[in-house]
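Coordinate inspection notes
For reference, the chains in residue letters:
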Amino acid sequence: PEEAEPEAGAAGGRWRCGRGADGAALRWCISGVLCASFLGLGLSIAILGPTFPNLAANVGKNVSDIYYIFVGRSLGSLAGSVVGGVLFDCMNAALLLALSMLGTAAGLYGIPWCRESLLLTVLMSVIGGSMGVLDTGGNVMLLNTWGSEAGPHMQALHFSFAAGAFLAPILASVSSGGSQSEELAGVEKTNQSVLKSVPTASAASTTPAPKDQDDADFLWSYIIIGTYILLISILFFVLYSKSTSAKDKSKASAQKGRLAKYHWHLIGLMFVFFLFYVGAEVTYGSYVFTYAVVFAEMTESEAAALNSVFWGAFAVCRGAAIFGAAFLAPVTLILMSLVCSAASSSALAFFAHYRASLWVGTAVYGASMATIFPSGISWIEQYTVIEGKSASLFVVGAALGEMCIPVAVGYLQGRFHHIPIVMYTAFVTSVMTVLLFPVMYKLANAPQENDSKVVRESETRKALLSNSRLTEDEEDEEEVREWNDADFEVVEMNDKLKNSLTDASCRIPGDSPAEASLQPHSDDTLGDPPVVAGGSPGRQNGNIDWEK
């Protein structure tokens, strides 16, 4: 069967890429632009960490006094994810993403010249909202473009984000001439659009005010990233010009028919699944340094190396998953990740006092976190339709986990200093994800009502066919019995006829057999006697053959 053409329309941003070389080229162009946009997403989010002291000095505040800009960006991202999910089902995908990238570029251009903390918070909220739209729409657009083949492209999309988060501190260091190398260690990289590398209060109070030259240098980071995102926005406008605005109602109705029986149950469970997964990822990446210094009694350089092992394994495995997804099904990648996550988190929770267990467990835990989010989206798309609203719930769940779980861990760790809360959190969240996925798998494979109806109709048709065959066989048997009865009646009648003719010939005196053979029998007036193969009387020239 021929693969249906994606359509670029108002509903869901479907793309009519067509078949052949032109359609394939357009799909690859869409993937390339989306990966480039997620690279900019990682750059835009991670650049805030190394330039945070400069922003505080720019608005005349202490670092500890402008923590609310992170809250503004997080709230903006949540709102952008929800609003973007609704708008994505109502307008063209490329146009919506182009406008969101324009908003991000405008915010990045305005930040270096912002002298008021309130205005800075507003700009951060605008950037967060635009990034929320991109995070939601980019995943759905990629699924709509590639369909069942989206696995490797989804992995590449999220690897681009990690690459952008990795490059942002390097860009900040280069643009400032290396004067901020000490702040770069605090940058956190995640796979989501709402990243909060909030400095601690103690670190913030001791942060020295940067020099004026640093203030002049750091703005180039924002200008460079803003220009890059502006170029990506232009590319989205070009894609919009290649798209059509027609809305195919028949395909929309066909999509609705693909909804799983427990569609919203699956979406809700995936919301919780991503909340625990992303929360665990960000929590461990944020607190492993502190754990290594306080509980494992490592030096700061060793603790920084342990933190780098976690994020390095995360980035390497996410890059390797681009090729692995071409050969492995999403469910296989998820199961492998969950098993590795459960094993490594168990080792970290109960055997982290051994150095080897801590190092190996951290590396395996980081690797197990790499593929779950993109593989989860690819997996659930195989069973139900993922529209803008559904994708926005995934992003919101991940953002809430990223905000709430690290805060809860920090609060509990402050209350119970002697307990390694971060390790037990990794173990508990791994257990939750391991328990949730089989439930989602069961619901996803539940037969729909239409499928059950088709099965029942098929069984009814088989029963009717078998009954009709039995009826035909019975009719055939009845017909055979009737023919047999008719044969016996003919034989009996022939015997009676023969006996009657013999008696008649004996009662006629003086007639010779030859004369008798010439006399017509009274039965001739009644017609010919029945003819039976091998035993019926013959007739020659209209007379009975008496010799027979």
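Residues numbered from 1 in each chain as written. Predicted model: local features only at pLDDT ≥ 70, side-chain atom pairs only at ≥ 80, totals over all residues. Heavy atoms only, no water.

An unreviewed UniProt entry lists the protein chain under the name MFS4B protein, with Catharus fuscescens given as the organism. Under the Subcellular location (unreviewed entry) heading, UniProt states for the protein chain: "Membrane". Taken verbatim from the UniProt record of the protein chain, the Sequence similarities (unreviewed entry) comment is "Belongs to the major facilitator superfamily." (UniProt positions renumbered as here; feature names shortened; annotations may be inferred.)

We now examine the side chain of Thr283. When you line up the elements, Thr283 lands in helix 10 (residues 263-294). A relative accessible area of 1% places Thr283 in the buried class. A distance of 2.5 Å separates a polar side-chain atom of Thr283 from the backbone oxygen of Gly279. Setting aside anything within four residues of it in sequence, one finds Thr283 in contact with Ile405, Pro406, Val409 and Val422. (Helix = DSSP H or I, 4+ residues; strand = E, 2+ residues; numbered from the N terminus. Buried < 20%, exposed > 50% of the residue type's maximum accessible area, 1.4 Å probe, protein only. Polar contact = N/O pair within 3.5 Å; in protein donor to acceptor, adjacent residues only side chain to side chain. Contact = heavy atoms within 4.5 Å.)

With that out of the way, let us pick up the confidence of the model for the protein chain. Chain-level statistics for the protein chain give a pLDDT mean of 74 and a share of 66% at 70 or above. Within the model, the stretch residues 178-211 combines pLDDT values under 50 with 83 contacts to residues more than four positions away or in other chains. For residues 510-528, every residue scores under 50 in pLDDT, and the model assigns this stretch 13 contacts once sequence neighbours within four places are set aside. (pLDDT = per-residue confidence, 0-100.)

With that out of the way, let us pick up the packing of aromatic side chains. Aromatic rings in a pair are described by how distant their centres are and how their planes are angled relative to each other. Under the criterion given, the structure shown has 15 aromatic pairs. Centroid distance Trp311 to Phe314: 5.7 Å. Interplanar angle 80°. Geometry classified as edge-to-face. Here Phe314 and Trp311 lie together in helix 11 (residues 300-324), a separation of three residues that amounts to about one turn. No difference in accessibility class separates Trp311 from Phe314, as the two residues are buried. Residues Phe437 and Tyr441 carry aromatic rings whose centres are separated by 6.5 Å and whose planes lie at 40° to one another, so their mutual orientation is tilted. Residue Phe437 and its partner Tyr441 are both found in helix 16 (residues 421-444); the two are separated by four residues, about one turn of the helix. Taken together, Tyr284, Phe310, Trp311, Phe314 and Tyr365 form an aromatic cluster joined through their ring pairs. (Phe/Tyr/Trp six-rings, centres within 6.5 Å; stacked < 30°, edge-to-face > 60°.)

This part takes up helix 12 (residues 330-351). Here helix 12 spans 31 Å end to end across 22 residues, near enough to the 32 Å set by a 1.5 Å rise per residue. All of the buried residues along helix 12 are Pro330, Leu333, Ile334, Ser337, Leu338, Ser341, Ser344, Ser345, Leu348 and Ala349. In a view along the axis of helix 12, the buried residues occupy a sector of 150°, so they form one face of it. (Expected span 1.5 Å × (residues − 1). Arc of directions from axis to C-beta.)

At a minimum axis distance of 6 Å, the contact between helix 11 and helix 13 (residues 355-368) shows a crossing angle of 30°. Every pair of crossing elements has a handedness; the one defined by helix 11 and helix 13 is right-handed. Contact residues: Glu302, Ala305, Leu306, Val309, Phe310, Ala313, Phe314 and Cys317 in helix 11; Arg355, Leu358, Trp359, Thr362, Ala363, Tyr365, Gly366 and Ala367 in helix 13. For the contact of helix 11 with helix 13, the class distribution of residues is 12 nonpolar, two polar and two charged. (Axes fitted to C-alpha atoms, helices over the stretch in contact; angles between N-to-C directions. Left-handed = near helix turned anticlockwise from the far one by under 90°. Nonpolar A, V, L, I, M, F, W, Y, C, P; charged D, E, K, R; others polar.)

Here we take up a nonpolar patch on the surface. Taken together, the side chains of Leu118, Leu119, Val122 and Val126 make up a nonpolar region of the molecular surface, amounting to roughly 360 Å² of accessible area. Mapped onto the secondary structure, Val126 falls in helix 5 (residues 117-146). (Patch = residues over 30% accessible without salt bridge, like charges linked within 9 Å, V, L, I, M, F, W, Y side chains within 5 Å. Areas by Shrake-Rupley, 256 points an atom, 1.4 Å probe, with all protein chains shown as cover. Salt bridge = Lys/Arg side-chain N within 4 Å of Asp/Glu carboxyl O.)

Moving on, we come to helix 6 (residues 151-175). Between its terminal C-alpha atoms helix 6 stretches 36 Å, which fits the 36 Å expected from 25 residues at 1.5 Å a residue. The largest bend in helix 6 is about 25°, located at Leu167, with the proline Pro169 one to four residues further on. Here helix 6 lies mainly inside the structure; 18 of its 25 residues are buried. (Bend = angle between axes of the 7 residues up to and from the residue.)

Let us now look at unusual backbone geometry. Its identity is not glycine, yet Glu297 carries a phi of approximately 55°, on the positive side. Relative to the assigned elements, Glu297 resides in the loop between helix 10 and helix 11. Assessed through its relative accessible area of 65%, Glu297 is described here as exposed.

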